[in-house]
Structures are given as C-alpha cells and as structure tokens.
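Observations on the three-dimensional arrangement
For reference, the chains in residue letters:
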Amino acid sequence: MRFADPGDAAKAKLRLEDLGDAVPEIRSLEAHVDELRTEVSWDLHLRTTHRDTDDLRAYQAHPAHLELGAWLRPLLTSRAVVDYTQP
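1. Section: the nonpolar core
- Grouped together as the largest cluster of nonpolar side chains are 15 residues, with contacts concentrated most on Met-1, Phe-3, Leu-16, Leu-19, Leu-44, Tyr-59 and Leu-72.
- Element by element, the count of residues in this core is highest for helix H1 (residues 8–22), at four residues.
- Non-local contacts of Phe-3, meaning those with residues more than four positions away in its chain, are made with Asp-8, Ala-9, Ala-12, Asp-43, Leu-44, Leu-72, Leu-75, Leu-76 and Thr-77.

Here you go:
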C-alpha cells in the first residue's frame with residue numbers, strides 16, 4: 001500500500017493487525033511498515049493466509065474488514081494485491 005501521508009502506515013498496521021483477532025477466517029496475518037523509504041518502496045505490506053478461497057471471500061466480506069477498508073481507502077494513493085495458492 002502507498003499512502004498519501006506515509007506516516008499513516010503505522011496506524012494502519014495496528015488496525016490491520018486487529019483484524020487477526022476479529023475475523024475467524026484469517027489463519028495468519030502479517031503487516032510490515034517500510035523501513036528504507038526508497039523511491040521504489042511502498043509504505044505498508046500486508047500478508048494474510050486463509051484455509052481456502054471461501055475463507056478469503058468471507059474475510060473480504062466480514063464487517064470488520066469492510067469497516068477498516070472504508071477508513072483506509074481514502075488514505076491510499078495506490079495498492080496492489082496478489083492472490084495465490086500455496087503448494
């Protein structure tokens with residue numbers, strides 16, 4: 001995620017980490033704030049794991065996720081998502 005104000009990344013990290021306790025479909029959650037601030041850096045990395053695609057979709061539709069997304073989206077200038085299945 002890239003933020004209009006990179007200082008918002010730390011608060012977003014804390015709020016995202018709270019989702020791990022609020023959303024039962026999250027098996028694991030990691031959030032990391034960029035430390036080097038290079039020209040190619042993004043501000044915040046989020047990685048979640050889920051049992052299967054159904055759990056991912058349940059997480060995406062969970063009220064706590066939707067509420068956080070409504071707060072987060074206006075702060076972002078861009079974001080990227082990669083969904084994949086682990087072997």
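And the narrative resumes.
2. Looking at the packing of H1 against helix H3 (residues 63–72)
- Following both chains from N to C, one finds H1 and H3 inclined at 170 degrees, their axes separated by 10 Å at the closest point. Viewed along their axes, H1 and H3 adopt a mutual orientation that is roughly antiparallel. Facing H1, whose interface residues are Lys-11, Ala-12, Arg-15, Leu-16, Leu-19 and Ala-22, H3 presents Ala-64, His-65, Glu-67, Leu-68, Trp-71 and Leu-72.

3. Some points on the layout of surface pockets
- Quantified by volume, the largest pocket comes out at close to 1200 Å³.
- Lining the largest pocket are 35 residues, with Leu-46, Thr-48, Val-81, Val-82 and Asp-83 positioned closest to its centre.
- By residue class, the composition of the lining of the largest pocket is 15 nonpolar, 11 polar and nine charged.

4. Re the packing of aromatic side chains
- For the structure shown, the criterion picks out zero aromatic pairs.
- Residue placement shows Arg-15 over the ring face of Trp-71; its charged tip is 4.3 Å from the ring centre.

5. Considering helix H2 (residues 53–61)
- Where H2 is concerned, the buried positions are Asp-55, Leu-56 and Tyr-59. On an axial view of H2, the arc spanned by its buried residues comes to 105 degrees, and they lie on one face. The exposed residues of H2 that point more than 90 degrees off its buried face are Asp-54, Arg-57 and Ala-61.
- Packed against the buried residues of H2 are H1, strand S3 (44–49) and H3.
- Of the residues flanking the start of H2, the one acting as N-cap is Asp-52, its side-chain oxygen 3.2 Å from the backbone nitrogen of Asp-54.

6. Quick notes on the side chain of Asp-55
- Relative to the elements of secondary structure, Asp-55 occurs in helix H2.
- Every residue in contact with Asp-55, bar those within four places of it in the chain, is listed here: Glu-25 and His-50.

How each quantity is defined
Residues numbered from 1 in each chain as written. Predicted model: local features only at pLDDT ≥ 70, side-chain atom pairs only at ≥ 80, totals over all residues. Heavy atoms only, no water. Core = buried A, V, L, I, M, F, W, Y, C linked by side-chain atoms within 4.5 Å. Buried < 20%, exposed > 50% of the residue type's maximum accessible area, 1.4 Å probe, protein only. Helix = DSSP H or I, 4+ residues; strand = E, 2+ residues; numbered from the N terminus. Contact = heavy atoms within 4.5 Å. Axes fitted to C-alpha atoms, helices over the stretch in contact; angles between N-to-C directions. Parallel < 35°, antiparallel > 145°, perpendicular 65-115°, else oblique. 1 Å grid on protein atoms, 1.4 Å probe; cavity = no way out; pocket = protein on both sides within 12 Å on 5 of 7 lines; lining within 4 Å. Points joined across faces, edges and corners; volume = space filled by probe spheres on them. Nonpolar A, V, L, I, M, F, W, Y, C, P; charged D, E, K, R; others polar. Phe/Tyr/Trp six-rings, centres within 6.5 Å; stacked < 30°, edge-to-face > 60°. Lys NZ or Arg CZ within 6 Å of the ring centre and 35° of its normal. Arc of directions from axis to C-beta. Polar contact = N/O pair within 3.5 Å; in protein donor to acceptor, adjacent residues only side chain to side chain.

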